[in-house]
Structures are given as structure tokens and as C-alpha cells.
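These are the residues of each chain, in order.
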Amino acid sequence: MEKVIEIKNLYKSYGEIKAVQDISFQVKKGELFAFLGLNGAGKSTTISIICGQLKKDGGSVSIGGKDPDEYPEATKRALGVVFQSSVLDKPLSVYDNLKTRAALYGIMGEAFEKRLQELAKILDFEALLRRPVGKLSGGQRRRIDIARALLHKPEILILDEPTTGLDPQTRKQVWSVIENLRKKEGMTVFLTTHYMEEAAEADYVVILDNGKIAAEGTPLQLKNAYTGDFITLYGVTEAEVQTLGAAYEKTADGYKISVPDTHAATALILQHPSVFKDYEIVKGKMDDVFLAVTGKALKGGNE
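As the structure is a prediction and not an experimental result, all values here were calculated from the model.

Participant: I tried to follow unusual backbone geometry on my own but got confused; where do I start?
Facilitator: Note: most peptide bonds trans; most residues except glycine with negative phi. The backbone phi angle of K153 is positive, close to 55 degrees, even though this residue is not glycine. Topologically, K153 is positioned in the loop between helix 5 (138-150) and strand 6 (156-160). Phi is positive for E161, which is not a glycine, with a value near 55 degrees. Note that E161 resides in the loop between strand 6 and helix 6 (168-185).

Participant: Would you mind going over the pattern of salt bridges with me for this structure?
Facilitator: Pairs may arise between side chains of opposite charge once their charged atoms sit close together. Going through the model one piece at a time under the given rule, you end up with 13 salt bridges. K56 is paired through a salt bridge with D69; the nearest N and O atoms lie 2.7 Å apart. Of this pair, K56 sits in the loop between helix 1 (43-50) and strand 4 (58-63) while D69 is found in the loop between strand 4 and helix 2 (72-78), placing the two residues 13 residues apart along the sequence. The exposure class of D69 is partly exposed, given its relative accessible area of 39%. Between K114 and E118 there is a salt bridge whose closest N-O contact spans 3.8 Å. Taken as a pair, K114 and E118 lie in helix 4 (residues 109-123) at a separation of 4 residues, close to a single helical turn. Residue E118 is classed as partly exposed on the basis of its relative accessible area of 27%. Connected through shared salt-bridge partners, K3, E6 and K8 make up one network.

Participant: In this structure, what is going on with helix 3 (residues 94-104)? I would like to understand it.
Facilitator: Among all positions of helix 3, only V94, Y95, N97, L98 and A102 are buried. For helix 3, the arc enclosing every buried residue in end-on projection is 165 degrees, short of the 170-degree limit, so these residues lie on one face. Exposed side of helix 3, more than 90 degrees from the buried face: T100 and L104 are the residues found there. Of the residues one or two after helix 3, G106 is the one with positive phi, at around 75 degrees.

The rules behind these values
Residues numbered from 1 in each chain as written. Predicted model: local features only at pLDDT ≥ 70, side-chain atom pairs only at ≥ 80, totals over all residues. Heavy atoms only, no water. Helix = DSSP H or I, 4+ residues; strand = E, 2+ residues; numbered from the N terminus. Salt bridge = Lys/Arg side-chain N within 4 Å of Asp/Glu carboxyl O. Buried < 20%, exposed > 50% of the residue type's maximum accessible area, 1.4 Å probe, protein only. Arc of directions from axis to C-beta.

If you want it as C-alpha cells, here you go:
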């Protein structure tokens, strides 16, 4: 599959602080790529270098086969960026915000109106066009932020904490929009997030810790490597659970047992069929992976 972003041996320091230390990764066309890390891990520094806003100290960066330092305009056109904090002009209407932004890319007149209608339909904001941005809800504003980033039809959409501060229902709506864009426009999405359930939907995940890559892989690969499985038993006594000889904890409805993997869970069930009358098996979550990799829990915040 075609590589749209390729980072090799990237370095960046601020005096004594080594923000990014020899990191290498690639993002493939059309995938949802999750870039995770605590505040100060180096995520924002890396994104700033990819976007051409910051000079690297060493290594190479390729966007669509081009170096941002050599081809700044071409690489900037390949990218659409949605920042954690909205960059929209609140007193202006949605229409005027998008028209002003489009003009910077030379998109005017009929071409702008056509693209505006496409985005308004995909992102469902036809009814908001004449409304001042300052009067929009957080979710509505986020949809306009995404539209602003997509006006010039970029190949890659960079989403930096796109749903921070939004309520669960609005977060779900924003993700529905992003998935729709991936299908309709063949968009590659580069995501940073503090919500592990969002990272769990990614095609590939890189976890950054203190400027270095601490782990990478698909969510399933990471779960298999860094967490076990959990069996929850229902309708049993604690004495029965103790006969299994496995670590367990009491839950509201039953008992939760930790096992190294699915194979171990299967073996336990076959050895003690009378105890496993009512149960469910789930894999560890991305929160468990992050904690195992970095030793820290990932919480919301700004970088």
C-alpha cells in the first residue's frame, strides 16, 4: 500500500530538552493512524515538523514522496489540519469563514460554491452557513473546523485531539463525519487523541513516550502483546472461583479473572466446565495497553 507519510530517524531538541529522539514510522494511504502519548511526549512537535511549521534537527520527512523543506507549498496542499483549539473567526458567519480560507488556496467564485456545497452536505451544515461561528455549539464548530481543513481537497487530514471537550453524543457525531469522509473522499486520517476507544478503531497505532516510540502495531497486535484477556464469571460462588487457581476480583455481577491470552482462557474453561456455566471473555483495552507500555494512564489535557 502507498505510503503518504514517511518519517525516518527524526530528531528535534529545545536546548537540553530532547523532544523527539530518533523516531521512524509511516502512514499508509487511506488508513486511520493513531499517534498517542502523554503531554510532552513529542506528538505536537512531530506534527509541527510534518506541517512545515517547525524545522527538524535531523532525519527525514516525506509527505506524498516530497520533503516539506524542499517543497513547502506542495506538501502543505497535501495536508488539512484540524487543531485542538478552533481557529475560526467567531464574529464571522460560517460562510465567510470558509470563503476567506478558500481564497488563500485560490478557490473562488463557482469553484468555491461547488466545494462548499459538497462539504456542507457531507458534514451536514447547510442550515448553519449564515450563522456566526460564535453562536455555534462545540460539535457544530468542530464540523466547520473540519470543513475548513478540507476546502482544498487534501490527501491527508491531521486531527489533533478533535473531540476533546465534546460530550459523548457529539463525539460520536464527529466520528461519524470522519468515517464518512474516509469512505467518500478516500481520506487518510492522522489522529492524536486522549480517548482510547477512538484509538481502538485505528488501523495502526504508534505510542510515543519521552520523545521515543515505545510501542507500535495494530490495536489487536498491541492488545495481544501488552495485555491479557479477562473472563467474567456469573452465577458462581467465590469458593468455586478459587478452585480455578487464577487471579480474580469481585465485580458488581460476578468475578473477573485475568488470563495471559485466549488460549489460556480456553484451557481454563475446558479444565473446569462446571464452573463456566455463564461467562464472557474480553480482550484488554487500549487503556490497558497504554498503561503497560508507558506505566502511566492517558488522561485528557493539552500538549
